[in-house]
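Here are the chains, one letter per residue:
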Amino acid sequence: MSMVRSRCLGFTLVELLIVMIILGLLAALVAPKLFQKVGSSKQKAAKAQITMIESALDAFRLDVGRYPTTEEGLQALRKNPGLPKWDGPYLPKDIPKDPWGNDYIYKSPGDHGAYDLYSLGADGKEGGEGENKDIVSWE
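What you see is a predicted model, and the numbers here were worked out from it, not measured in a lab.

What counts, and at which threshold
- Residues numbered from 1 in each chain as written.
- Predicted model: local features only at pLDDT ≥ 70, side-chain atom pairs only at ≥ 80, totals over all residues.
- Heavy atoms only, no water.
- Helix = DSSP H or I, 4+ residues; strand = E, 2+ residues; numbered from the N terminus.
- Contact = heavy atoms within 4.5 Å.
- Areas by Shrake-Rupley, 256 points an atom, 1.4 Å probe, with all protein chains shown as cover.
- Pairing = 2+ DSSP bridges.
- Patch = residues over 30% accessible without salt bridge, like charges linked within 9 Å, V, L, I, M, F, W, Y side chains within 5 Å.
- Salt bridge = Lys/Arg side-chain N within 4 Å of Asp/Glu carboxyl O.
- Buried < 20%, exposed > 50% of the residue type's maximum accessible area, 1.4 Å probe, protein only.
- pLDDT = per-residue confidence, 0-100.
- Phe/Tyr/Trp six-rings, centres within 6.5 Å; stacked < 30°, edge-to-face > 60°.
- Core = buried A, V, L, I, M, F, W, Y, C linked by side-chain atoms within 4.5 Å.

## A short note on the overall build of the protein
Secondary structure summary: the protein contains two helices and three strands in total. Beginning at the N terminus, the succession of helices and strands in the protein can be written as α-α-β-β-β. Of the contacts formed within the protein by residues at least 6 apart in sequence, a portion of 40% connects residues at least 24 apart. Accessible surface for the protein amounts to roughly 9700 Å². Of this, 61% is attributable to carbon and sulfur atoms.

Here it is, written out as structure tokens:
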């Protein structure tokens, strides 16, 4: 009687293998969808950071009368570059890096307006498609 009872309490090797195969198939179907979301969420985060930096640039311009030059860079939002009307810091924390760990590129005057502010995307190169697409302030 004890032999029959012990056989009913556990799973067989075949049952465990079947469950592992089913879990593997589910992971193979779901994982690509999740990884697509990671790329688009990093792009959305970069756009949000650019919008935050743009607000700080506008506050700088209201106080100083112009945007920081390319040479002054985004650091002028945190540290006075020697301007008498500077009333910052205009950002509460250090200038963030983009979601891929790279610095944002700032140019003033810009090719598309008073300034250009952008991230080169996942590949760190100009242009690109999908996750590698540049995230820019002028679009």
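Past the structure itself, the notes keep going.
## Quick look at the sheet that holds strand β1 (residues 105-107)
Taken in spatial order, the three strands line up as β1-β2-β3 in an open sheet, and their pairing is antiparallel. Of all the strands in the sheet, just β1 and β3 (135-136) have a single pairing partner and so form its edges. Examined bridge by bridge, strand β2 (residues 116-119) and β3 share two bridges and lie antiparallel to one another. Note that in β3 the partner of tyrosine 118 across the bridge is valine 136.

## Regarding a nonpolar patch on the surface
Taken together, the side chains of Val14, Ile18, Val19, Ile22, Leu23, Leu26, Leu29 and Val30 make up a nonpolar region of the molecular surface, amounting to roughly 760 Å² of accessible area. Along the chain, leucine 23 turns up in helix α2 (residues 13-64).

## Brief notes about the pairing of β2
Of the two faces of β2, both are covered, the one formed by Asp116 and Tyr118 as well as the one formed by Leu117 and Ser119. Relative to β2, β1 runs antiparallel, the two sharing three bridges. Within the sheet, the bridge partner assigned to isoleucine 105 lies in β2 and is tyrosine 118.

## Let's talk about the confidence of the model for the protein
Looking at the protein as a whole, its pLDDT mean stands at 86, while 89% of the residues score no less than 70. The element-level mean pLDDT for the protein is lowest in helix α1 (residues 2-9), coming to 57, with β1 highest at 95.

## Topic: the packing of aromatic side chains
Considering all chains together, one arrives at five aromatic pairs under this definition. When the centroid spacing of 6.0 Å and the interplanar angle of 35 degrees are considered together, the rings of tyrosine 106 and tyrosine 115 count as tilted. Across this residue pair, the class does not change: tyrosine 106 and tyrosine 115 are buried. A centroid spacing of 5.7 Å and a plane angle of 75 degrees characterise the contact between tyrosine 118 and tryptophan 138, whose relative ring orientation is edge-to-face. Of this pair, tyrosine 118 sits in strand β2 while tryptophan 138 sits in the segment after β3; the two residues are 20 residues apart in sequence, bridging distant segments of the chain. For tryptophan 138, a relative accessible area of 31% puts it in the partly exposed group.

## Examining the pattern of salt bridges
Scanning all chains against the criterion turns up four salt bridges. Notably, a salt bridge pairs arginine 78 with aspartate 94, separated by 3.6 Å at the nearest N-O pair. You can see arginine 78 sitting in the loop between α2 and β1 and its partner aspartate 94 sitting in the loop between α2 and β1, a full 16 residues away along the chain. With a relative accessible area of 61%, aspartate 94 lands in the exposed category. Ionic pairing is found between lysine 107 and aspartate 111, a salt bridge with its closest N-O pair at 2.9 Å. Judged by relative accessible area, which is 32%, lysine 107 ranks as partly exposed.

## Concerning the nonpolar core
Taken as a class, soluble globular proteins show a tendency for nonpolar side chains to be buried jointly. Leu57, Phe60, Leu74, Leu77 and Leu117 are the most contacted members of the largest nonpolar core, which totals 22 residues. Looking at this core element by element, the count peaks at seven residues for α2. Non-local contacts of phenylalanine 60, meaning those with residues more than four positions away in its chain, are made with Gly65, Arg66, Tyr67, Pro68, Ala76, Leu77, Leu83, Trp86 and Tyr90.

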